[in-house]
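For reference, the chains in residue letters:
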Amino acid sequence: MHTKSQTMASLTLRINNKDYPMEVDPQMPLLWAIRDFALLTGTKFGCGISQCGACTVHIDGESVRSCVTPVSGAVGKSITTIEGLSADNDHPVQQAWQEEQVPQCGYCQSGQMMTAAALLEKHPQPSEEQVNAYMSPIICRCGTYVRIKKAIDKAVEINQKA
Amino acid sequence: MKTITTKSASLGGNLPRREFLRLTAVSGAFLAIGCSPGMGGEGKVTTIDPAGGTDIPLNQFVVINTNGRVLLYNHRPEMGQGTFQAIPMILAEELEVDVEKIEILPSAADDKRYGSQMVVGSRSIQTEYANLQNMGATAREMLKAAAAKRWEIDISQCKASGGEIIHPSGKKLTYGELVEEASKLTPPENPPLKAPGDFKVIGQPIARRDVPAKTNGAAIYGLDIQVPGMFYASVERSPVFLGKVVSFNDEKAKAVPGVKAVVKTQRNVWGHTREGVAVVADNYWAANQGRKALEIKWDTGGLEKNSSATILKKYKADATKEGVSLAEAGNVSTVGGEGKVVEAAYETPYQSHVCMEPMNATVSVKDGKAEFWGSTQNPNGIRSQLARQLNIDPENVAINYTFMGGGFGRRSMTDVAEEAADISLQVGAPVKVVWTREDDLTQGPFRAASLNVCRGSIADGKVETLEHKVVAQEIQNQTGDKMEAGRQLMGGINTEYEIPNFRISGVLQKHYVPITYWRAVYHTTNCFAHESFIDELAIAAGKDPLDFRLDMLKNHTRYTKVLQTLAEKANWYGPREEGIGRGVSILERSGAFTGMVIEVKKENGKVKPVKITTVVDVGICINPDTVRAQTEGSIVMGLTATYKSGIRLENGAVAQSNFHDYNMLTFEECPPCETYIIQNEEKPEGAGESGLANVAPSLCNAIFDLTGVRVRKLPLDLGAIG
């Protein structure tokens, strides 16, 4: 029942402007390279099949589901994880998430914030439809949606002031 | 007895150790982001203050540094419920310190010092409030006594405020200056407590201290744990519950690079042994790939013939039994008489917890000792489990608990830690077991499915009799021969309604599907039936459903206040907008009283909830922002269970496997929610499940109001409502 390559390869990932050399199965999802090899655990495993969004990272500025992206596909690209979203936990999305007290368990929030950051990068003044399109695929089991909605408005506001 | 069919040589000694990010012991940085120390951890924090000074404990919750820094220990694991902030708030209130300046640290798992540390049933605040007040007040009184001694005045002349003791003349001593002397004094037996009117911290919407760590990836969850020499395990388990391993071929699994061992393992779920085959590797992906290459022969013993349909058929047949009386008054045999009889049966499915953090546990078993790291609602339960299973003294089990990526009852179980310990013992190295989402969804345990049969009669516009029979499995009685239903089965059935003749009964079911606690437990199934049926009776009586409830609760002050406030906030008696249906429901859970009104309308042929108004009475509210958050979260989980998902069983196994076919409510689908908190000075009650069980009945009552269609089976299909 082997469906994946069994070959190991030496490769280097560039994550948050730092190089991480590693020897891995190039078919392994980027998620596990980030978590178990680069040891950046802010990016979360939720479903493994691109259905929950907890593993969302940015590759060259685009939000990507790292659980279904082979690590080979990320080589030579610039990967940003939640740890690299800002140096001081003060990206407008992070500020807004704190001000609105969004997280409960917090587990899905890296994916929520990385998606929201990508949304605001593309659409600094997002319409309701754009917000829904970006945010609806990211599942929160604690049910923080009411606050995520408020926090996105707040992040737009913070962006405007900046 | 278990037979181990495969056993590798010890893996621990002959493999290169990887470099590890974290956790060789307990470090200050680690504590600060939410992982408790394993054993005797309190002493170690003396080293983490960069400003120097000495940390001196006044009791197991309160530590004050000679430089004035205040450290408060939180003894309850955090899964999103907010006690990480609420517990120190109670301590800080009595201690008279500036809540902005305190530091919160997770305590060790140590039931000898802290009593129960289990976070279930929304009980942390409810059961710990008095003790925490006392602990804060005791420390404050000791500091006052030390000042009084130094100033040679009576303690009654000393006032505590903002981390200082104030002399009548206005001179002050800081807590840091007094702590050393204070720590040598005998703690007072009954320290005076503040009147609620004097509270400065309790009742304030204070920002949660765990939030910043949850916005930059710093918060540590069980799945993030790395320990030196650790291996990863992925376990293949029988898709049909209770399937036994007949044989397995691990040749291809072992050929996957990184795979180190394949071992048979097992875990216990409420008395049933569940078997599996674990693939152990030096990284998770390899373990998972190896697992996919396993060939296992299972003996499912005919259980593969079961399905949701066969289970329901059995429940329906058993519903004709009289059942065990769980509560009754008057005589229900008077049913009918002159009155109008109403009968209805309600069905609810199994539900999965689907915590966003899949189940996992890291355990190291070595030299007669064991250490656990992970996300758990039940740290001391894991210590007992590992001690029992490994036949070692509980003192030799260290427990490090982290933040949880959701709990909802699933993480009160100790089965995953058991599995990790079993595998660690077999391979001779620390092991992190990682469940996939598919494992989580298909293995359970689940919230119980149920059939609720209700019968009642109306005379002169009032309920004359009401019978409610619950047909379901019972969590604490899943194996063995005892067939008598217990009171657990009647959770969430409101016995406060003034109904002259009522009977609540249970018909116990026992079979192979594993169940356990699920946020708000039986309330979520029973309250759907009961509050829907009260609505059906109100309609039969020709009464307004809210007034009908008020009339039966007129002597219950708190329910009355909740209903009256709800009527006002939801504008129940005001003019009704065209095309809007409204439903109401009330509930008591963990001592908190809640009422909910849901408004629905039809859009593109589909019914949708458009507004949810909730009134909550939790008694003294520690942190209103947290109570609101918990209510909002309860609503989302309630909506998901009402119309998004339900576990289906086919061929003895769960038919769904992941979020694509077991759907969650989405951001876009979440309706506006308004939450109102009733202010009073009753003792604090549990807010964590507040409102969840109200969602299904108030939504279904609203659907009836709008369409005349009565929903009696969940999950409902909003698109199929006529």
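Starting from 1, residues in each chain are numbered consecutively following that chain's sequence as written. Following the order in which they are written, the chains are lettered starting with A and the ligands numbered starting with 1. The predicted origin of the model limits local features to residues at a pLDDT of at least 70 and limits the giving and counting of side-chain atom pairs to 80 or more, whereas totals for whole chains, interfaces and linings rest on all residues. Think of the side-chain values as coming from all heavy atoms in the structure, minus any hydrogens and water.

Looking at the overall build of chain B
Then, number 1: In terms of regular secondary structure, chain B is built from 16 helices and 27 strands.
Then, number 2: A radius of gyration in this sense is built from C-alpha atoms; the matching globule rule multiplies 2.2 Å by the number of residues raised to 0.38. For a compact globule of 722 residues, the expected C-alpha radius of gyration is about 27 Å, and chain B comes in at 28 Å, within 12% of that figure.
Then, number 3: Structurally, chain B occupies a C-alpha span of about 80 × 80 × 50 Å along its principal axes.
Then, number 4: Exposure categories follow from relative accessible area, calculated using a 1.4 Å probe and restricted to protein chains: below 20% of the type maximum is buried, above 50% is exposed, and the middle band is partly exposed. Considering chain B as a whole, with its 722 residues, one finds that 64% of them fall into the buried category.
Then, number 5: Note on contacts: a residue pair is in contact if any heavy atoms of the two residues lie within 4.5 Å. Within chain B, counting contacts between residues at least 6 apart in sequence, those at least 24 apart form 77% of the total.
Then, number 6: Summing over all exposed atoms, chain B offers an accessible surface of approximately 25,500 Å²; the carbon and sulfur share of this is 49%.
Then, number 7: Under the convention used here, Asp and Glu are negative, Lys and Arg are positive, and both His and the chain ends fall outside the count. In this description, the location of a charge corresponds to atom NZ of lysine, CZ of arginine, CG of aspartate or CD of glutamate. The centroid of the 80 positive side-chain charges in chain B is displaced by 4 Å from the centroid of its 85 negative side-chain charges. Strands here are runs of E lasting at least two residues and helices are runs of H or I lasting at least four, both read from the DSSP assignment and numbered beginning at the N terminus. Here the open area of atoms and residues is found with the Shrake-Rupley method and a 1.4 Å probe, where only the protein chains shown may cover a residue.

Description of unusual backbone geometry
Then, number 1: In this model, Gly 444 of chain B is joined to Pro 445 of chain B through a cis peptide bond whose omega is -5°.
Then, number 2: Within the secondary structure, Pro 445 of chain B sits in the loop between α11 (437-443) and β19 (450-459).
Then, number 3: Residue Pro 715 of chain B is reached from Leu 714 of chain B by a cis peptide bond, and omega for that bond is -5°.
Then, number 4: At Asn 89 of chain A, a position not held by glycine, the phi torsion is positive, near 60°.

Here we look at the domain arrangement of chain B
Residue and element names in this part refer to chain B.
Then, number 1: What counts as a domain boundary in this text is fixed by an automatic or database domain assignment. For chain B, the domain assignment lists domain 1 (53-214), domain 2 (222-299 + 359-434) and domain 3 (309-350 + 447-720).
Then, number 2: Computed over C-alpha atoms, the centres of domain 2 and domain 3 are 37 Å apart.
Then, number 3: Listed as interface residues are 13 residues of domain 2 and, on the opposing side, 19 residues of domain 3.
Then, number 4: Of the roughly 1,200 Å² buried between domain 2 and domain 3, counting both surfaces, carbon and sulfur atoms make up 70%.
Then, number 5: Summed over both partners, the accessible area (1.4 Å probe) lost when two parts come together is defined as the buried area. Three residues, Phe 241, Trp 270 and Phe 408, lead the burial of domain 2 against domain 3; their summed loss comes to 56% of the area buried on that side.
Then, number 6: What counts as a salt bridge is simple: a side-chain nitrogen of Lys or Arg found within 4 Å of a carboxyl oxygen of Asp or Glu. Across the contact surface, domain 2 and domain 3 share zero salt bridges.
Then, number 7: Each residue is assigned to one class: nonpolar for Ala, Val, Leu, Ile, Met, Phe, Trp, Tyr, Cys and Pro, charged for Asp, Glu, Lys and Arg, and polar for all the others, Gly among them. By residue class, the composition of the side of domain 2 that touches domain 3 is eight nonpolar, three polar and two charged.

Here's the deal with the nonpolar core
Then, number 1: Core analysis: the largest hydrophobic core is formed by 264 residues, its most contacted members being Leu 13 of chain A together with Leu 143, Tyr 350, Leu 386 and Ile 423 of chain B.
Then, number 2: Those residues in contact with Leu 386 of chain B that sit more than four places away from it in its chain are Val 363, Ala 370, Phe 372, Asn 391, Ile 392, Val 397, Ala 417, Glu 418 and Ala 421 of chain B.
Then, number 3: Residues grouped as a nonpolar core are buried Ala, Val, Leu, Ile, Met, Phe, Trp, Tyr and Cys residues, joined through side-chain atoms within 4.5 Å. Grouped together as the second largest cluster of nonpolar side chains are seven residues, Ala 592, Cys 621, Val 627 and Ile 677 of chain B included.

So, the pairing of strand β17 (residues 397-401) of chain B
In summary, the side chains of a regular strand alternate between the two faces of the sheet.
All names here are of chain B.
Then, number 1: Burial within β17 is extensive, with five of its five residues counted as buried.
Then, number 2: For strand β16 (residues 369-374) and β17, the ladder comprises five bridges, and the chain directions are parallel. Bridging from a neighbouring strand, Ala 370 pairs with Val 397 of β17.
Then, number 3: Orienting the strands away from the viewer, one traces the path from the first strand over the helix to the second; a clockwise path indicates a right-handed crossover. For the crossover that starts at β16, traverses helix α9 (residues 379-390) and ends in the parallel β17, the hand is right-handed. At least two DSSP bridges between two strands are required for those strands to pair.

Comments concerning the interface of chain A and chain B
Then, number 1: Taken together, the contact pairs 51 residues of chain A with 67 residues of chain B.
Then, number 2: Across the chain A/chain B interface, buried area totals approximately 5,200 Å², and carbon plus sulfur atoms make up 59% of it.
Then, number 3: When the buried area of chain A at its contact with chain B is split by residue, Gln 104, Arg 141 and Tyr 145 of chain A rank highest and sum to 16% of it.
Then, number 4: Between Lys 44 of chain A and Asp 224 of chain B there is a salt bridge, with its nearest N and O atoms 2.6 Å apart.
Then, number 5: Under the rule applied, a polar contact is a pair of N or O atoms within 3.5 Å (in protein, one hydrogen donor and one hydrogen acceptor; residues adjacent in sequence only if both atoms are side-chain atoms). In this structure, the connection of chain A to chain B is made through 24 residue pairs in polar contact (both at pLDDT 80 or more).

Thoughts on the domain arrangement of chain A
Residue and element names in this part refer to chain A.
Then, number 1: Split into domains, chain A comes out as domain 1 (9-84) and domain 2 (92-161).
Then, number 2: Contacts between the two partners involve 16 residues from domain 1, matched on the other side by 13 residues from domain 2.
Then, number 3: Buried area between domain 1 and domain 2, summed over both chains or domains, comes out near 1,200 Å², and the portion from carbon and sulfur atoms is 57%.
Then, number 4: Taken together, the connections running from domain 1 to domain 2 amount to one salt bridge.
Then, number 5: Ionic pairing is found between Lys 122 and Glu 62, a salt bridge with its closest N-O pair at 3.2 Å.
Then, number 6: At the junction of domain 1 and domain 2, the tally comes to five residue pairs in polar contact (both at pLDDT 80 or more).
Then, number 7: For the side of domain 1 that touches domain 2, the elements supplying multiple residues, two or more each, are β3 (56-59) and β4 (62-65).
Then, number 8: Class assignment for the residues of the side of domain 1 that touches domain 2 results in five nonpolar, eight polar and three charged.

Some remarks on the sheet that holds strand β24 (residues 606-617) of chain B
Backbone-to-backbone hydrogen bonds join strands into a sheet, with any given pair of strands oriented parallel or antiparallel.
All names here are of chain B.
Then, number 1: Read from one edge of the open sheet, four strands run β22-β23-β24-β27, paired in mixed fashion. Of all the strands in the sheet, the pair left with one neighbour each is β22 (580-589) and β27 (673-677). Neighbour-to-neighbour, the strand axes of the sheet open up by a mean angle of 20°, direction not taken into account.
Then, number 2: Across five bridges, the pairing between β24 and β27 is parallel. Bridge pairing in β27 places Val 616 opposite Ile 677. As a rule, the C-alpha atoms of each element are fitted with a line to give its axis, helices using only the stretch in contact, and angles between N-to-C directions run from 0 to 180 degrees.

Notes on the environment of Thr 675 of chain B
Residues and elements named next belong to chain B.
Then, number 1: Summarising the element assignment, Thr 675 is placed in strand β27.
Then, number 2: Counting along the chain gives 400 residues from Thr 675 to Glu 275, while the straight-line C-alpha distance between them is 45 Å.
Then, number 3: Setting aside anything within four residues of it in sequence, one finds Thr 675 in contact with Thr 614, Val 616, Arg 628 and Thr 631.

Side note on the packing of helix α15 (residues 624-644) of chain B against helix α16 (residues 692-707) of chain B
Residue and element names in this part refer to chain B.
Then, number 1: Following both chains from N to C, one finds α15 and α16 inclined at 50°, their axes separated by 7 Å at the closest point. In terms of orientation, α15 and α16 fall into the oblique class. Where α15 crosses over α16, the two elements pack in a sense that is right-handed. Residues Ser 634, Ile 635, Met 637, Gly 638, Leu 639, Thr 642 and Tyr 643 of α15 lie in contact with α16, whose contacting residues are Leu 692, Val 695, Ala 696 and Leu 699.
Then, number 2: Split by residue class, the contact of α15 with α16 holds eight nonpolar, three polar and no charged. Working rule for angles: under 35 degrees goes down as roughly parallel, over 145 as roughly antiparallel, 65 to 115 as roughly perpendicular, anything else as oblique. Put simply, a crossing is left-handed when the front helix is turned counterclockwise from the back one by less than a right angle, and right-handed when it is turned clockwise.

Some thoughts on the side chain of Asn 694 of chain B
All names here are of chain B.
Then, number 1: Structurally, the position occupied by Asn 694 is in helix α16.
Then, number 2: Accessibility expressed as a relative area gives 0% for Asn 694, which makes it buried.
Then, number 3: Polar contacts involving the side chain of Asn 694 include one to the side chain of Thr 594, which spans 2.8 Å.
Then, number 4: When neighbours within four sequence positions are excluded, Asn 694 is seen to be in contact with Cys 527, Ser 585, Ile 586, Leu 587, Thr 594, Gly 595 and Met 596.

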